Amino acid sequence: MINLAKKDISHSLGKFLVTAMGVGMLLGIVLIMMGVYRGMVVDAEILINDINADLWIVQEDTLGPFAESSRVHEDLKNSISIIDGVKYSEAITFQNIQLPQGSMPIRVMAVGYDPFGNINPINPNRLIQGSKLTKDHYQIVVSKETGFKLHDEIILARDKYEVVGVTEKTVSSGGDLLVYISLKDAQKNQFSYSNNRVRSDRERGITQTDTSMVNAIIANLKDGYNIDEVAKNIKEWKHKSVYTKQEQEDILAKNLIERAAKQIGLFTGILILVSTIIIALIIYTMTLEKMKEISIMKLIGIPNSVIIKMIVQETLLLGIIAFISGNIFSHLIYEKFPKRVVLEISDAWLLFIVVIIVSILSSFIGVKKVISADPAAAIGG
């Protein structure tokens with residue numbers, strides 16, 4: 001038996017391939033959207049994993065610095081460190097700042113920590129040049145993507161900072177690039193005001209500001225201690241909210257990623273629906289163009305099943321070519337996106353299954369037209 005689908009496609013191969021690649025671009029965007037979600041998940045976990053603290057002690061009745069404002073006193077770390085089960089504790093700050101870079105400042109998140117403390121948020125595997133902070137003042141470690149290089153000088157507030165280290169793939173949960181400064185510098189910058197603001201405060205009777213505040217106290221536990229019991233002990237005696245590393249990740253997933261995931265999922269669903277409609281219209285148009293031939297085939301006794309098989313094969317081939325071109329398209333452009341895009345094989349296979357189902361469903365409109373074709377139309381010309 002002649003493969004009717006092959007003969008029909010070869011008759012207008014160029015048109016068929018261009019159409020499939022057009023649909024493939026839509027499918028490529030679907031893959032990109034799935035990759036954007038995966039990238040958000042990865043970005044959200046980078047800082048928490050690099051800090052790798054067992055417990056996060058934050059302002060009472062708050063969810064911590066990754067979800068809302070949180071301020072506690074720096075010296076809280078001293079009383080936390082003597083609690084039974086705590087190995088050591090450190091103070092840490094997070095603040096969004098603008099790094100001066102040409103005509104367009106770069107928005108980054110500055111992580112302030114004690115360079116001589118026991119918990120260092122800079123992952124050595126991400127440090128590609130230079131070293132970690134070695135002084136209490138005027139040093140900064142930047143992300144490679146900021147464009148700054150080793151030994152560059154950066155002006156923050158009223159001070160100059162030397163770039164002593166460069167990291168890669170370090171971003172905050174919101175996708176902002178990370179820079180690292182000492183805790184003392186972070187506190188100074190956070191409460192640094194303009195001269196006009198200082199004069200205004202003095203006139204209002206405000207002569208000093210408490211700069212010994214941090215966003216969280218992080219702690220690691222000794223071996224053999226139950227993390228939930230230690231956390232409960234801190235809550236009861238220090239009247240602070242305490243979260244484990246896993247709970248912080250869950251907070252990020254719920255407060256930062258969940259809503260974005262719903263939006264991305266809705267947009268992805270719309271794109272798949274649009275792709276389904278386009279494929280159905282293409283197959284319907286292709287079927288209309290050969291209605292006379294189909295009528296002749298039915299007139300000479302070729303069963304509907306053979307003609308239907310041709311339509312379904314054409315639709316599946318269109319979907320498969322579109323899927324392949326979509327994969328190629330997504331891999332060509334995903335690195336151009338400003339935020340991380342993670343393309344995973346599992347997502348591609350899932351989309352392939354969806355494309356096959358969509359192609360079969362889209363073929364029904366062509367199948368219906370074939371079944372309703374009148375063989376007498378071949379005689380009528």
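Values in this document were obtained by computation on a predicted structure and should not be read as measured data.

**Q** Let's hear about the pattern of salt bridges: which residues, and what values?
**A** Here the structure, examined in full by the defined rule, presents 10 salt bridges. Lys184 is paired through a salt bridge with Asp136; the nearest N and O atoms lie 3.4 Å apart. With Lys184 in helix α4 (residues 183–190) and Asp136 in the loop between β5 (127–130) and β6 (139–143), this residue pair connects regions lying 48 residues apart in the sequence. Of the charged contacts, one joins Glu153 and Lys160 as a salt bridge, the two residues approaching to 3.9 Å between their closest N and O atoms. Residues joined by salt bridges that share partners form a network here, namely Arg38, Glu344 and Asp347.

**Q** So, the packing of aromatic side chains: which residues are in play, and what are the values?
**A** For the coordinates displayed, the defined rule picks out 6 aromatic pairs. On the numbers, 6.3 Å between centres and 25 degrees between planes, the contact of Trp56 with Phe94 is stacked. Taken together, the residues Trp56 in strand β1 (residues 55–58) and Phe94 in strand β3 (residues 86–99) connect sequence positions 38 residues apart. For the pair Trp56 and Phe94, a shared accessibility class is recorded, and that class is buried. Aromatic rings pair up to connect Trp56, Phe66 and Phe94 into one cluster.

Conventions and cut-offs
- Residues numbered from 1 in each chain as written.
- Predicted model: local features only at pLDDT ≥ 70, side-chain atom pairs only at ≥ 80, totals over all residues.
- Heavy atoms only, no water.
- Salt bridge = Lys/Arg side-chain N within 4 Å of Asp/Glu carboxyl O.
- Helix = DSSP H or I, 4+ residues; strand = E, 2+ residues; numbered from the N terminus.
- Phe/Tyr/Trp six-rings, centres within 6.5 Å; stacked < 30°, edge-to-face > 60°.
- Buried < 20%, exposed > 50% of the residue type's maximum accessible area, 1.4 Å probe, protein only.

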